[in-house]
Amino acid sequence: MCLAVPGRVLGVEERDGTRMATVDFGGVVKEVCLEYLPDLRVGEYAIVHVGFALQRLDEESARRTLELFEDLGMLQEEFGDPWEQAAQAGGDELVREARR
């Protein structure tokens, strides 16, 4: 399933003529294209789908939605287990140690 997930903008930069943002989705951080919301700023929230910020969202709505998605296990389904991803990226030993 591919969800439209709310996220908080942590940083904004231009890469090769494209406005990009680092976005936090309840602990999972991803790169997102801002071409549809070029005036989105650090600290603001947006609904993101398939790597594109599509609509600005207020903080309370974003938090409630993220909590609901997390309770339903939908964030893990969408983004995977961040510990498992770190292990696959080469940090197996560190991940095992952190989980203890």
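The following refers to the structure shown. (Residues numbered from 1 in each chain as written. Predicted model: local features only at pLDDT ≥ 70, side-chain atom pairs only at ≥ 80, totals over all residues. Heavy atoms only, no water.)

### Focus: helix α1 (residues 59-71)
What counts here: Strands here are runs of E lasting at least two residues and helices are runs of H or I lasting at least four, both read from the DSSP assignment and numbered beginning at the N terminus. Working rule for helices: expected span equals 1.5 Å times residues minus one. Residue exposure (1.4 Å probe, protein chains only): buried if accessible area is under 20% of the type maximum, exposed if over 50%, otherwise partly exposed. What the arc covers is the set of directions going from the helix axis to the C-beta atoms.
The end-to-end C-alpha distance of α1 is 18 Å, a good match for the 18 Å that 13 residues give at a rise of 1.5 Å each. Those residues of α1 that fall on the buried side of the exposure criterion are S61, A62, L66 and F69. The buried side chains of α1 occupy one side of the element, clustering within an arc of 130 degrees when seen end-on. Opposite the buried face of α1, at more than 90 degrees from it, the exposed residues are R64, E67 and D71.

### So, the environment of L10
This is how the line gets drawn: Between two residues, a contact is recorded if the distance between any of their heavy atoms is within 4.5 Å.
By the secondary structure assignment, L10 is in strand β1 (residues 5-15). By relative accessible area, L10 is classed as partly exposed at 40%. When the C-alpha atoms of L10 and V23 are compared, they prove to be 5.5 Å apart, with 13 residues separating the residues in sequence. Setting aside its immediate chain neighbours within four residues, L10 contacts T22, V23, D24, V29 and V42.

### Topic: the environment of A21
Of note, A21 is situated in strand β2 (residues 18-25). As a C-alpha pair, A21 and F52 span 31 residues in sequence and 9.7 Å in three-dimensional space.

### Points about the packing of aromatic side chains
Given two aromatic rings, one states the distance between the centres and the angle between the planes to describe the pair. For clarity, the cut-off: Here the aromatic set is Phe, Tyr and Trp, taking the six-membered ring for Trp, and pairing holds for ring centres within 6.5 Å; pairs whose planes are under 30 degrees apart are stacked, those over 60 apart are edge-to-face, and all others are tilted.
Counted under the stated rule, the structure contains one aromatic pair. Ring geometry for Y36 and F52: centres 5.5 Å apart, planes at 50 degrees, overall tilted. On the criterion of sequence distance, the pair formed by Y36 in the loop between β3 (28-33) and β4 (45-49) and F52 in strand β5 (residues 52-57) is long-range, its members being 16 residues apart.

### Some thoughts on the pairing of β4
This is how the line gets drawn: Strand pairing is assigned whenever DSSP detects at least two bridges linking the two strands.
Counting buried residues in β4 gives four out of five residues, a clear majority hidden from the surface. For β1 and β4, the ladder comprises four bridges, and the chain directions are antiparallel. Bridge pairing links V5 to V48 in β4. Linkage of β4 to β5, two consecutive antiparallel strands, is achieved through a turn of two residues, within which V50 is found at a positive phi near 50 degrees.

### Side note on the pattern of salt bridges
Operational definition: We count a salt bridge whenever a side-chain nitrogen from Lys or Arg sits within 4 Å of a carboxyl oxygen from Asp or Glu.
The tally for this structure, following the rule as stated, stands at six salt bridges. One salt bridge connects R56 with D39, and the closest N-O pair in it is separated by 3.2 Å. With a gap of 17 residues between them, R56 in strand β5 and D39 in the loop between β3 and β4 connect regions that are remote in the sequence. Residue classification places D39 among the partly exposed positions, given a relative accessible area of 48%. A salt bridge links E59 to R63, with the nearest nitrogen and oxygen atoms 2.5 Å apart.

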